[in-house]
Amino acid sequence: MGSMGSIGSIGLVLAAVMFAAAPWMIMRAPMESTMGLIQKIFYFHVPAAFAMFVSAFVSGIAGALYLYRRSQRAEHVTAAAAELVVVFGGIVLLTGPIWARKAWGVWWQWDARLTITLVMWLIFVAYQLLRKYGGPGSETLSAAVALFGMANVPFVYWSVNIWRTVHPTTNVVPSLGPGMREAFWWCVAAYLLLYAALLAARVRLEAQRVSLDELHFEMGAE
């Protein structure tokens, strides 16, 4: 657990440095010709979505490992990553409507990507409720829910290429020009560093919580 704490501390420091430099890089990035200043929220919205996707995969894969091996460590990672899906997904669902209101004239459109993103986020919210209030055996069922939530990620990503949607397609990031490209990937790296640090800290806290519960149980049994 000591190494996990060290990784988390280093990651938080690096992420803080990168986030401190991010506004300067975003300010220097070229202004998008059609949307103007509001497009700058792209540098927060899309990297948060990257972190959300990564966390969904981590949670789903760890959930599958728990179902296969009954590893308590895997269950801790599943829970920690599922919680961070909710956190970073909340950032996505908050920044998206702010951007949409200026770009599209509405706060929300029930198109494919927005709707599937909301559904995926609600699946991981359901994971939190199930794991907390599900009673005995909830770890197994919630791990299956995390696996189901992970299965939604490809649908969220590819939805804009399959169905008609007001949301930009997946070719936006590869087509970024000089200045925009560097600022964007800097922000992605900052978000992923922050995510890794939070995941390490949350896994450590989950392990300590389980140890404390076991101690209370042993003391109560004596």
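Note that this is a predicted model, so its numbers are computed, not measured.

Basis of the calculations
- Residues numbered from 1 in each chain as written.
- Predicted model: local features only at pLDDT ≥ 70, side-chain atom pairs only at ≥ 80, totals over all residues.
- Heavy atoms only, no water.
- Helix = DSSP H or I, 4+ residues; strand = E, 2+ residues; numbered from the N terminus.
- Expected span 1.5 Å × (residues − 1).
- Contact = heavy atoms within 4.5 Å.
- Salt bridge = Lys/Arg side-chain N within 4 Å of Asp/Glu carboxyl O.
- Buried < 20%, exposed > 50% of the residue type's maximum accessible area, 1.4 Å probe, protein only.
- Patch = residues over 30% accessible without salt bridge, like charges linked within 9 Å, V, L, I, M, F, W, Y side chains within 5 Å.
- Areas by Shrake-Rupley, 256 points an atom, 1.4 Å probe, with all protein chains shown as cover.
- Core = buried A, V, L, I, M, F, W, Y, C linked by side-chain atoms within 4.5 Å.
- Axes fitted to C-alpha atoms, helices over the stretch in contact; angles between N-to-C directions.
- Parallel < 35°, antiparallel > 145°, perpendicular 65-115°, else oblique.
- Left-handed = near helix turned anticlockwise from the far one by under 90°.
- Nonpolar A, V, L, I, M, F, W, Y, C, P; charged D, E, K, R; others polar.
- Lys, Arg positive; Asp, Glu negative; His and termini not counted.
- Polar contact = N/O pair within 3.5 Å; in protein donor to acceptor, adjacent residues only side chain to side chain.

Peer 1: A description of helix H5 (residues 138-151) should follow, citing residues and the corresponding values.
Peer 2: Structurally, the α-helix is built with 3.6 residues per turn, so residues lying three or four positions apart point the same way. Spanning 14 residues, H5 covers 20 Å between terminal C-alpha atoms, matching the ideal 20 Å at 1.5 Å per step. Looking at the buried positions of H5, the neighbouring elements they touch are helix H2 (42-69), helix H3 (72-103), helix H4 (112-133) and helix H6 (153-162).

Peer 1: So, H2: which residues are in play, and what are the values?
Peer 2: In this model, H2 (28 residues) spans 40 Å end to end at C-alpha, consistent with the 40 Å of a helix rising 1.5 Å per residue. Looking at the residues trailing H2, positive phi occurs at Arg70, about 55 degrees.

Peer 1: How would you summarise the pattern of salt bridges if you had to cite specific residues and measurements?
Peer 2: The final tally for this structure, using the stated rule, is four salt bridges. Ionic pairing is found between Glu83 and Arg202, a salt bridge with its closest N-O pair at 2.8 Å. With Glu83 in helix H3 and Arg202 in helix H7 (residues 180-221), this residue pair connects regions lying 119 residues apart in the sequence. Classification of Glu83 as partly exposed rests on a relative accessible area of 28%. Residue classification places Arg202 among the buried positions, given a relative accessible area of 19%.

Peer 1: Let's hear about a nonpolar patch on the surface: which residues, and what values?
Peer 2: A surface patch of nonpolar side chains, about 580 Å² in accessible area, is lined by Phe155, Tyr157, Trp158, Ile162 and Trp163. Looking at the secondary structure, you find Tyr157 in helix H6. Under the relative-accessibility criterion, Tyr157 is labelled partly exposed at 35%.

Peer 1: Before we move on, can you summarise the nonpolar core with the specific residues and values?
Peer 2: Within soluble globular proteins, side chains that are nonpolar generally end up buried alongside one another. Residues Met52, Phe88, Met120, Phe124, Tyr195 and Leu199 are the most contacted members of the largest nonpolar core, which totals 30 residues. Listed by contribution, the elements that provide at least two residues to this core are H2, H3, H4, H5, H6 and H7. Looking at this core, the element that brings in the most residues is H3, giving ten residues. What Met52 contacts, discounting residues up to four positions off in sequence, is Val85, Phe88, Gly89, Val92, Thr117 and Met120. Counting residues in each nonpolar core, the second largest holds 16 residues, with Met25, Ala29, Val46 and Ala183 among its members.

Peer 1: Break down unusual backbone geometry for me, with residues and values.
Peer 2: Within the chain, Arg70 stands out as a residue other than glycine whose phi angle is a positive 55 degrees. As for its position among the elements, Arg70 is in the loop between H2 and H3.

Peer 1: For the packing of H3 against H4, give the residues involved together with the corresponding values.
Peer 2: Interaxial distance between H3 and H4 falls to 9 Å at its minimum, and their mutual angle equals 140 degrees. When the axis of H3 is compared with that of H4, the two are oblique. Crossing of H3 over H4 shows left-handed handedness. Contacts from Glu75, Thr78, Ala79, Ala82, Glu83, Val85, Val86, Gly89, Gly90, Val92 and Leu93 in H3 reach Thr117, Leu118, Met120, Trp121, Phe124, Val125, Tyr127, Gln128 and Arg131 in H4. Residues belonging to the contact of H3 with H4 are distributed by class as follows: twelve nonpolar, five polar and three charged.

Peer 1: Hey, could you go over the side chain of Arg113 for me, with residue numbers and the actual values?
Peer 2: Tracing the backbone through its elements, the reader meets Arg113 in helix H4. Although buried, Arg113 forms no salt bridge, and the nearest oppositely charged side chain, Asp111, lies 7.6 Å from it. Within polar-contact distance, the side chain of Arg113 engages the backbone oxygen of Val156 at 3.1 Å. A polar contact is formed between the side chain of Arg113 and the backbone oxygen of Tyr157, at a distance of 2.6 Å. When residues no more than four places from it in sequence are discounted, the contact partners of Arg113 are Val156, Tyr157, Ser159, Val160, His167, Pro168 and Thr170.

These values are about where atoms sit, not about what they do.
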